[in-house]
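# Structural description and commentary
Each chain, written out:
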There are 2 protein chains.
Amino acid sequence: MTSIKVAFGQTNPVVGDVAYNLDQLMKCAEAAAGEADVLVSGELAISGYPLGDLSYREDVIHRSETALQKLVEASSDPKYSSLYFVVGHATLAASKSTHIQSSKAIAHNSASVIHDGKLIGTYHKQVLPNYDVFDDWRNFVPGNQELIFDVSGTTCAIAICEDIWDHNSTRPASLRKAGVELLIVPNGSPYTRNKALERRAAVRQFQDGFAVAYANLSGGQDEIVFDGGSFLINQSGVEIQRADFEEGCFYDLAPELEPVKSDDMSTLWKVLVTGLRDYCRKTNQTKLVLGLSGGIDSALSAAIAVEAVGAQNVIGVALPSRFSSNHSITDAEKLAANLSIELRKIPIDPVHKAFESALQFSDLAGENLQARIRAVLLMGISNTDNALLLSTGNKSEIAVGYTTMYGDSAGGFAPIKDLFKTDVWKISSWLNARGDTEVIPENSITKEPSAELRPDQIDTDSLPDYQTLDQVLALLIEHSATIDEVVANGHPRQLAEKVEGMVRASEWKRSQGAIGTKTTSIAFGSGRRVPITTRFTQL
Amino acid sequence: MTSIKVAFGQTNPVVGDVAYNLDQLMKCAEAAAGEADVLVSGELAISGYPLGDLSYREDVIHRSETALQKLVEASSDPKYSSLYFVVGHATLAASKSTHIQSSKAIAHNSASVIHDGKLIGTYHKQVLPNYDVFDDWRNFVPGNQELIFDVSGTTCAIAICEDIWDHNSTRPASLRKAGVELLIVPNGSPYTRNKALERRAAVRQFQDGFAVAYANLSGGQDEIVFDGGSFLINQSGVEIQRADFEEGCFYDLAPELEPVKSDDMSTLWKVLVTGLRDYCRKTNQTKLVLGLSGGIDSALSAAIAVEAVGAQNVIGVALPSRFSSNHSITDAEKLAANLSIELRKIPIDPVHKAFESALQFSDLAGENLQARIRAVLLMGISNTDNALLLSTGNKSEIAVGYTTMYGDSAGGFAPIKDLFKTDVWKISSWLNARGDTEVIPENSITKEPSAELRPDQIDTDSLPDYQTLDQVLALLIEHSATIDEVVANGHPRQLAEKVEGMVRASEWKRSQGAIGTKTTSIAFGSGRRVPITTRFTQL
């Protein structure tokens, strides 16, 4: 490879807003002009990714094609005369139904090479992921052609995202035979724990004598967060260039790079903040509201909210009931002071009593009632103050259905829904240790978790301790483990069966849950599709 | 073809309950013994269909395999000595990752031929649908082998469901060349309007000199309803055998059959009742509760509920507010009398006032408040009386977001969510005309639709008239139409843009919606996957 210089145009597109997305790419082009030979975007940077079934709409695809044409025209500006563009976009396929299995797909997931006012060629993604949150095989028509082109004397080719995860592929050898020196790979690769390590392993397994420029998107889109971190690995497998988490144009070569490590809390924190921040930004919402119970889940959610939209845009609401402890209020006050957010206090007992006069509630119904009164008040503030309500549940309680429907489950976004309770504790402690001052009140971290819906209630009345619960849940959910496998991992059979039963019985609750940021390999959301109606028996 | 006699073992399986599912098949076998040469089940009749990501669980697949083995043993009973079984089940695939695009799939979607205590062979589905509600390509490993076998001198082969919808397939010709006289096709084919006609067209297009036995499942599974109606078409394309909508064993040849017609209301009615009935039955719920506003949506939902679980198991609740009309109560009373269901009355004003003392609500928030108070009371009854709450919204209002989150959208099942308002009127009138007595109060059908959340409010204050709205929505949702296409169909551009904008802005509401019975080609639910975060601009 000659000394080709790569710039990563790591943009944060909004699905459907092609004008904005194109503008972001052009800003990267201005930064890259004179600094790099080729500017590489992430996957579908013009249309946004994932498009879901919007990919079936001809107008959506046409707009992506029109924007590409505008980019071709813009590239004729003399200031870009030495810059090649490799840009991701959707293209109408020649045939609607090359594969019957996904008969509605009309478009390719493509990347085009543009230079000096000309479209050099277009590559179509060949390997279409159809697992976890991905529906590419549903939504796109696969390609089957290489695109080989020359940039300043370097022979280049293109692959898109999943293309390079196919470890049985014969493409690496044929790319090498074709003389390819640099494989350019636009990606839409969402964050999950330790994903940065996995990406490098995949690249090194795929590369066969050629360098690889791995360009990712940045930012949040519904439940997923693209964590940027584009990188260039040379022919010898050495990483020589690396972009930040954030959006921007990155072209600096690094003389020496620290090896990528297992995930630290700081990346996870950025992901949680970005997921919420971009959901607000891209749906034009500036204010957030959430209930503050004095517990750790709402405290951590509030901290994320403050970093996402600013303290002046976060409304905390304490909603004490007849069963609330004193510390539920004092801890909420401490938190609001730590975060400099507004705290409103609305005791729910008058409304609670009015409901009890209207209807006779059973014990369980009476517990749920309190959570639902709080949701009605919070949604009242949400509607009146035009503030998005956050649901503050964690993955452990959502997994076992330890939530009240239309109560604490209510909200437009659930920032910590993919954090197990043990991770909530971990990142809260990390957050406090990060700066000079406390963020999450220490008492919220150390006190016994409780829903406070009846006198002296604690979570372990109904649930195993969270250390145990989270281990069992990780096995069941992330590894599709059987009961036998959970037992083989050292847990009592009775416990494993109880937890599995709770997970199964609460599918209907999760099917109505708010979206929230994915951080694990299997999050509750579009990446996990399980029937609600099931009945398991042994045979 | 010799005179082979086919019995359709049209069962109604429960996902995961292989013991129950096997039992249902054995009942069909007893009925078929001595009456037929071959008993054909629907797709995945042993494990249930669709399995979703449960197909990734080895224990789920193993149970299906164990049940198959039991069936093989049972078939050795002399009373079955002349009966062949063709039964759908899941099988562990030899390799986990024959296709990288769906790298988690471990199982085949299979059908086995069993006779006289022996497993003759197993066929694996080759064409895996991955559109609408189907995730077969995500969840299964495709097969690539024919299974040709002899039943009483007739040469038979197997295809499974989507296999026969591939009109470019070369299989028909090669099956004919192989001497196949009867193609046996287990299906998991959900009802949509006029689907019965489409199935026959697909069969006739696929058949090439051989007869086709098309066996469907029966009954509801989450949002879909299998509408049975298995049929046999002879080599000449003439339909000579047809099963009912309901589950059972069907082997009677018909001397002459009426041609299948376009859908009538009676099939749609059966579908709506079956969807709710089986959701209750399969999730062990016997009682239903719903709010009765005096309007047509709740009236129709109540009528469906009564037919699904019986009048004695349906609780109607009138929840009048300060804005409720007199007819809202009198029409609800009329309905309850017509249906012989319990009617409870809970005026919401005392609770309403208590909320207003607790918080200042904006006008819109105040409207939503009333719907949310009703939901809290209904969920209180749901929890206390152990009755499933029905959400009674129709497709038109759900499409444009004319619903209150955690208010009228609350519920575990939404029986009419896939009926446009105009269809709600149509089927309500049909229901009244069906018998001698009125079911839906005439005034509920004829009066102006209103949410009654402020004085003199009617739906058309905020929405186009429903005839127009439903036409535009059908184009946008079922045909992925562009604005230009809606205009080309005779609608004003401004109206088209307004409706499209309302649909887009309410994606987040639908993402938290209750499941409900699919009746159209694109229902809100797992068959329509659209990002929540979008921003559309022209370019």
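Preceding block: the structure.
Residues numbered from 1 in each chain as written. Chains lettered and ligands numbered in written order. Predicted model: local features only at pLDDT ≥ 70, side-chain atom pairs only at ≥ 80, totals over all residues. Heavy atoms only, no water.

Glancing now at the sheet that holds strand β13 (residues 239–242) of chain B. Residue and element names in this part refer to chain B. Spatially, 6 strands are ordered β6-β7-β8-β9-β12-β13 in an open sheet, and the strand pairing comes out mixed. Edge positions in the sheet fall to β6 (148–151) and β13, since each of these pairs with one other strand and no more. For this sheet, the mean angle separating the axes of adjacent strands, direction not counted, is 25°. The sheet contacts of helix α5 (residues 195–206) involve β8 (182–187), β9 (211–216), β12 (231–233) and β13, and relative to β12 the element is tilted by about 35°. (Pairing = 2+ DSSP bridges. Helix = DSSP H or I, 4+ residues; strand = E, 2+ residues; numbered from the N terminus. Axes fitted to C-alpha atoms, helices over the stretch in contact; angles between N-to-C directions. Contact = heavy atoms within 4.5 Å.)

Once chain B has been moved 0.0 Å along the axis and rotated by 180°, it coincides with chain A to within an RMSD of 0.0 Å. The operation mapping one copy onto its partner corresponds to a two-fold rotation axis. Ranked by how close their C-alpha atoms come to the rotation axis, the residues of chain B are headed by B:Gln512, at 2.0 Å. Most of the interface of chain B is mirrored in chain A: 100% of its interface residues are interface residues there too. (Least-squares fit on C-alpha atoms with pLDDT ≥ 70 in both.)

To continue, consider the pattern of salt bridges. Counted under the stated rule, the structure contains 84 salt bridges over all chains. Residue A:Asp17 pairs with B:Arg535 through a salt bridge whose shortest N-O separation is 2.7 Å. Highlighted residues: A:Asp17 in the loop between β1 (6–10) and α1 (18–32) and B:Arg535 in the segment after α17 (507–510), drawn from two different chains. A salt bridge links A:Glu307 to A:Arg434; the nearest nitrogen and oxygen atoms lie 3.4 Å apart. You can see A:Glu307 sitting in helix α7 (residues 296–309) and its partner A:Arg434 sitting in helix α12 (residues 421–434), a full 127 residues away along the chain. On the basis of relative accessibility, which here comes to 42%, the residue A:Glu307 falls in the partly exposed class. Note on A:Arg434: relative accessible area 46%, which makes it partly exposed. Through salt bridges with shared partners, one network takes in A:Arg57, A:Asp59, A:Arg63, B:Glu500 and B:Arg504. (Salt bridge = Lys/Arg side-chain N within 4 Å of Asp/Glu carboxyl O. Buried < 20%, exposed > 50% of the residue type's maximum accessible area, 1.4 Å probe, protein only.)

All names here are of chain B. Helix α7 (residues 296–309) packs onto helix α6 (residues 265–282) with a crossing angle of 60° between their chain directions and a minimal axis gap of 8 Å. Comparing their axes, α7 and α6 come out oblique. Crossing of α6 against α7: the hand is right-handed. Contacts between α6 and α7 involve Trp 269, Leu 272, Val 273, Leu 276, Arg 277 and Cys 280 from the first element and Leu 300, Ala 303, Ile 304, Ala 305, Glu 307, Ala 308 and Val 309 from the second. Of the residues belonging to the contact of α6 with α7, the class tally is 11 nonpolar, no polar and 2 charged. (Parallel < 35°, antiparallel > 145°, perpendicular 65-115°, else oblique. Left-handed = near helix turned anticlockwise from the far one by under 90°. Nonpolar A, V, L, I, M, F, W, Y, C, P; charged D, E, K, R; others polar.)

Below, the discussion takes up the sheet that holds strand β4 (residues 107–115) of chain B. Residues and elements named next belong to chain B. Strands sit in the order β5-β4-β3-β2-β1-β14 across an open sheet of 6 strands; the sheet is mixed. Sheet topology places β5 (118–124) and β14 (248–250) at the edges, where each strand pairs with a single neighbour. Adjacent strand axes in the sheet meet at a mean angle of 30°, parallel and antiparallel pairs treated alike.

Another point: the nonpolar core. Counting residues in each nonpolar core, the largest one holds 84 residues, and the members touching the most others are A:Leu39, A:Phe85, B:Leu39 and B:Phe85. Non-local contacts of B:Phe85, meaning those with residues more than four positions away in its chain, are made with B:Ala29, B:Leu39, B:Leu71, B:Ser75, B:Tyr80, B:Ser112, B:Val113 and B:Ile114. (Core = buried A, V, L, I, M, F, W, Y, C linked by side-chain atoms within 4.5 Å.)

Right, let's talk about the pairing of strand β11 (residues 224–227) of chain B for a bit. Of the two faces of β11(B), both are covered, the one formed by B:Ile224 and B:Phe226 as well as the one formed by B:Val225 and B:Asp227. Between strand β10 (residues 218–221) of chain B and β11(B), which pair antiparallel one after the other, the connecting turn spans 2 residues, and B:Asp222 there sits at a positive phi close to 55°.

Position of A:Arg57 among the secondary structure elements: in the loop between β2 (38–41) and α2 (58–74). In contact with A:Arg57, not counting residues within four places along its chain, are A:Ile106, B:Ser480 and B:Glu500.

Residue and element names in this part refer to chain A. Tracing the sequence through the fold places Leu 217 in the loop between β9 (211–215) and β10 (218–221). Assessed through its relative accessible area of 0%, Leu 217 is described here as buried. In sequence terms Leu 217 and Gly 42 are 175 residues apart; their C-alpha atoms lie 4.7 Å from each other. Once residues lying within four places of it in the same chain are set aside, the contact partners of Leu 217 are Gln 10, Thr 11, Pro 13, Gly 42, Glu 43, Ala 45, Tyr 49, Asn 187, Gly 188, Phe 226, Asp 227 and Gly 228.

Turning next to the packing of α7(A) against α12(A). All names here are of chain A. Direction vectors running N to C along α7 and α12 enclose 50°, while the axes themselves pass 10 Å from each other. One element, α7, and the other, α12, form an angle in the oblique class. The two elements α7 and α12 cross, and the hand of that crossing is left-handed. Contacts between α7 and α12 involve Ile 296, Asp 297, Leu 300, Ala 303 and Glu 307 from the former and Lys 421, Val 424, Trp 425, Ile 427, Ser 428, Leu 431 and Arg 434 from the latter. Looking at side-chain class alone, the contact of α7 with α12 contains 7 nonpolar, 1 polar and 4 charged residues.

Every buried residue of helix α9 (residues 349–358) of chain A is listed here: A:Asp349, A:Val351, A:His352, A:Ala354 and A:Phe355. If you follow the buried residues of α9(A), they end up packed against α10 (363–385) of chain A together with α9 (349–358) and α10 (363–385) of chain B.

Once that is clear, we can look at the interface of chain B and chain A. If you look at the interface, chain B gives 96 residues, while chain A gives 96 residues. Taking both partners together, chain B and chain A bury about 8,500 Å²; carbon and sulfur atoms supply 60% of that area. In this assembly, chain B and chain A are joined by 6 salt bridges. In this structure, B:Glu500 engages A:Arg57 in a salt bridge whose closest nitrogen and oxygen atoms are separated by 3.1 Å. There are 31 residue pairs in polar contact (both at pLDDT 80 or more) connecting chain B and chain A. (Buried area = accessible area lost by both parts, 1.4 Å probe. Polar contact = N/O pair within 3.5 Å; in protein donor to acceptor, adjacent residues only side chain to side chain.)

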